[in-house]
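# A closer look at the structure
Below, each chain spelled out in residue letters.
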Amino acid sequence: VQALGPLLILYLLYTMVRWAVTDRGEDVGDRNAQYLLRFESWLGIDFEHSVQRWALRHTDVVWFLNHYYVFAFFPVLIVAAVWGYRAAPAAFHTAR
């Protein structure tokens, strides 16, 4: 239970920062996305477009993934933190 306090604080901090930089506009995001796509292509791991094209043809997959993201993000974060705390407490405390 003690491990969840810092996790909650970090999540709240993340949310506040995310909302604080919303005025940066789409230009920064587009520029960063293009940089990332070029980097993935250079590494030879640019398979994301083909996966996305496949998924967009399947509305059930899109529905599932949208709901998974919305409803599973925070519980998965908590489970991963608890698991990390129990599996490697010293490393968890150092990272925390």
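In short, a report on the structure. (Residues numbered from 1 in each chain as written. Predicted model: local features only at pLDDT ≥ 70, side-chain atom pairs only at ≥ 80, totals over all residues. Heavy atoms only, no water.)

## Some details on the environment of aspartate 46
How we decide: The helix count covers DSSP runs of H or I at least four residues long, the strand count covers runs of E at least two residues long, and both are numbered beginning at the N terminus. Relative accessibility thresholds used throughout: buried, under 20% of the residue-type maximum; exposed, over 50%; partly exposed, between the two (1.4 Å probe, protein chains only). For this analysis, residues touch if any pair of their heavy atoms sits within 4.5 Å.
Note on placement: aspartate 46 falls in the loop between helix H2 (25–43) and helix H3 (48–56). Under the relative-accessibility criterion, aspartate 46 is labelled partly exposed at 42%. Separated by 14 residues in the primary sequence, aspartate 46 and aspartate 60 have C-alpha atoms spaced 24 Å apart. Setting aside residues no more than four positions away along its own chain, aspartate 46 makes contact with Glu40 and Ser41.

## Looking at the side chain of glutamate 40
What counts is decided by this rule: We treat Lys and Arg as the positive residues and Asp and Glu as the negative residues; His and chain ends play no part in the count. Salt bridges are counted wherever a side-chain nitrogen of Lys or Arg sits within 4 Å of a carboxyl oxygen of Asp or Glu.
Structurally, the position occupied by glutamate 40 is in helix H2. The buried charged residue glutamate 40 lacks any salt bridge, with arginine 38 as its nearest oppositely charged partner at 11 Å. Residue contacts for glutamate 40: discarding those within four places in its chain leaves Ile45, Asp46 and Glu48.

## Describing the environment of leucine 37
In this structure, leucine 37 sits in helix H2. Using a relative accessible area of 30% as the deciding quantity, one classes leucine 37 as partly exposed. Each C-alpha atom, one on leucine 37 and one on isoleucine 78, is 30 Å from the other, the two residues being 41 residues apart in sequence.

## Here's the deal with the packing of aromatic side chains
Note the threshold: We call Phe, Tyr and Trp rings a pair once their centres come within 6.5 Å, taking the six-membered ring for Trp, and we label the pair stacked below 30 degrees between planes, edge-to-face above 60, and tilted otherwise.
Here the structure, examined in full by the defined rule, presents 8 aromatic pairs. Ring plane angle 50 degrees and centroid distance 4.9 Å describe the contact between tyrosine 11 and phenylalanine 74, whose orientation is recorded as tilted. Taken as a pair, tyrosine 11 in helix H1 (residues 4–20) and phenylalanine 74 in helix H4 (residues 59–87) lie far apart in primary sequence, 63 residues in all. A relative accessible area of 26% means that phenylalanine 74 is categorised as partly exposed.

Just distances and angles here, no functional claims.
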